[in-house]
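# Examination of the molecular architecture
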Amino acid sequence: MLSKKRILLAEDEEHLLEAIKLNLELEGYKVSTATNGKKALQIFKEERFNLVILDVMMPEVDGFVVAETIRLENTEVPIMFLTAKNTNEDKISGLKKGADDYLTKPFNLEELILRVNNLVKRSLKGEDLKEFNSYKIGGKTIHFNSFELVNEDGSITPLTKKETMLLKLLIERRNDAVSREQILETVWNYDVYPSTRTIDNFILTFRKYFEPDPKNPVYFHSIRGVGYKFTDNQH
């Protein structure tokens, strides 16, 4: 177990960032900070955290995209959004992206601390946070942690990290169209923009892996002008 509970705090208003950081440190937390989404993702990949606090409106990569990207690789760490947007639609959108809590600005620092303490406690127990480790399509099973596809005959097809992340994104959003832009932001993480053809090639590979008839897909669909959709009515 971590000796000091760690929090990643991403907020582009520097005076607010410093105020929250100071208060969390007074509570005994070790706080790593970022003032934009890209930096937040970079820090998240380098360290382990008990909680991630994200401002929604940030430069380079917004908080919603940061949360979605984190969720592709880690379903356990609690995520809290801080935002000036306080409509129900915004809250629902945030929770759909994988957030565990949502606090609107301006907020009371005491309330923030109480919520942080509750989320960190839950992260340490990890009771009702089940890791999304595998998923079955037809007779084949994807194992996300080991980057493997186990075929019906028991043979194993290795998957690349990008294949695994894209599969996870489409499966988590099953029966919904996922835009190309969202795929680029969450799977490619703004590092290098692949062409649309690159994503098409991934979809073609998935059809070879999973479709009974790749020319007439039942699972992996291209939605013209929008993006892609994974359909599975068995789950």
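Described in the following lines is the structure provided in the data block. Values in this document were obtained by computation on a predicted structure and should not be read as measured data.

Here we have four strands laid out as an open sheet, ordered β6-β7-β8-β9, and antiparallel in their pairing. Two strands close off the open sheet at either side, each with one partner strand: β6 (134-137) and β9 (156-158). This sheet shows a mean twist of 20 degrees between the axes of neighbouring strands, independent of strand direction. Pairing of β6 with strand β7 (residues 140-143), which is carried by four bridges, proceeds in the antiparallel orientation. Note on β7: the bridge partner recorded for K136 is T141.

Attention now moves to unusual backbone geometry. Note the cis peptide between K105 and P106, where omega equals -10 degrees. Mapped onto the elements of the fold, P106 is located in the loop between β5 (101-104) and α5 (109-125). Of note in the backbone geometry, E60 takes a positive phi value of approximately 70 degrees without being a glycine. Tracing the chain through its elements places E60 in the loop between β3 (51-55) and α3 (63-73). Its identity as a non-glycine residue notwithstanding, N175 has a phi of 70 degrees, on the positive side.

Cut-offs used in this document
- Residues numbered from 1 in each chain as written.
- Predicted model: local features only at pLDDT ≥ 70, side-chain atom pairs only at ≥ 80, totals over all residues.
- Heavy atoms only, no water.
- Pairing = 2+ DSSP bridges.
- Helix = DSSP H or I, 4+ residues; strand = E, 2+ residues; numbered from the N terminus.
- Axes fitted to C-alpha atoms, helices over the stretch in contact; angles between N-to-C directions.

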